[in-house]
Every structure is written in structure tokens, then in C-alpha cells.
Amino acid sequence: MARASTKKSRCSRRRQSPASRKKSHASTYRGHRNYSLYINRVLKEVVPQRGISARTLDTMNILINNIFERISTEACSMMYFRNRCTLTPQDVQKAVYSLFPGKLAKYAVAFGSEAVQRYLHS
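Residues numbered from 1 in each chain as written. Predicted model: local features only at pLDDT ≥ 70, side-chain atom pairs only at ≥ 80, totals over all residues. Heavy atoms only, no water.

Visitor: So what's going on with the overall build of the chain? Which residues, and what values?
Guide: In terms of helices and strands, the chain carries five helices and zero strands. Reading the secondary structure of the chain in the N-to-C direction produces α-α-α-α-α. Taken over 122 residues, the chain has a buried fraction of 14%. Once local pairs closer than 6 in sequence are excluded, the contacts in the chain between residues at least 24 apart make up 39%. Of the accessible surface of the chain, which amounts to about 11,000 Å², a share of 57% is contributed by carbon and sulfur atoms. (Helix = DSSP H or I, 4+ residues; strand = E, 2+ residues; numbered from the N terminus. Buried < 20%, exposed > 50% of the residue type's maximum accessible area, 1.4 Å probe, protein only. Contact = heavy atoms within 4.5 Å. Areas by Shrake-Rupley, 256 points an atom, 1.4 Å probe, with all protein chains shown as cover.)

What follows is the structure in C-alpha cells.
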């Protein structure tokens, strides 16, 4: 008797079933990052004598997480549209161009690329 061999797809596009993934804190809790420390650091660099309230920090944190989620969702859909398994910087840049209006997208991509280059060369 011959065994039936199953062929794995090149990249999986469906979610894992709950039985196949580990039950860990990461899989059961879908939290967002907290950027309040970084917001405070940037604010102190720009205007050292000013502060920011906790409520405003929460609002900024929600805004940053929302934008990050929108960009990542759009970039992943572009990746799937092109039948690729790897998310490239070009996918992220095109997602930013499709989500934000003209000049804002242009400056976001320019400053993001510059930040990545500084990180790679440091």
C-alpha cells in the first residue's frame, strides 16, 4: 500500500486552528505596545520645559497603535495580492502611500527610510 503524501503549501495564508497553537499569554491576550516613554522622550527633546498629561499620552498611544495596525494590515494584503510570503519594505511603503494623503505619505516614507538607514549604520 502506498502512503498518500501531502504537499505543504509555499506559505500558509490561513490562521492556525486553536488546537494546533500553544496556549500562551501571547496567543490569548492581544495587547498593544505602550509608546508613552518614547512620546515623553521626544517631547522633552523638542520642548524641555513642557509636560504631557496621562490622558493625552493614552490618546497618543491609541493613535500610534491604530496607525501601525492599519499600515501592517494594508502591507500584508499587498503581500498576499502579489502571492509572496515575505513582507518587503516596498510593501510597507506602498501601504503608507495608499493610506495617507500626498505630502504626508511622502514625508513619512522619507523619514522612515532615513531612520532605517541610521539604525542599520549604527
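Visitor: For the packing of helix H4 (residues 89-99) against helix H5 (residues 102-121), give the residues involved together with the corresponding values.
Guide: Orientation of H4 relative to H5, taken along the N-to-C sense of each, is 155°, at an axis distance of 8 Å. Viewed along their axes, H4 and H5 adopt a mutual orientation that is roughly antiparallel. The two elements H4 and H5 cross, and the hand of that crossing is right-handed. Where H4 abuts H5, its residues Gln93, Val96 and Tyr97 lie against Ala105, Lys106, Ala108, Val109 and Ser113. (Axes fitted to C-alpha atoms, helices over the stretch in contact; angles between N-to-C directions. Parallel < 35°, antiparallel > 145°, perpendicular 65-115°, else oblique. Left-handed = near helix turned anticlockwise from the far one by under 90°.)

Visitor: So what's going on with the environment of Glu69? Residues and values would help.
Guide: Position of Glu69 relative to the elements: it lies in helix H3 (residues 54-81). Glu69 sits in the partly exposed class, given a relative accessible area of 32%. Remark: the alpha-carbon pair of Glu69 and His32, spanning 37 residues in sequence, is separated by 9.7 Å.

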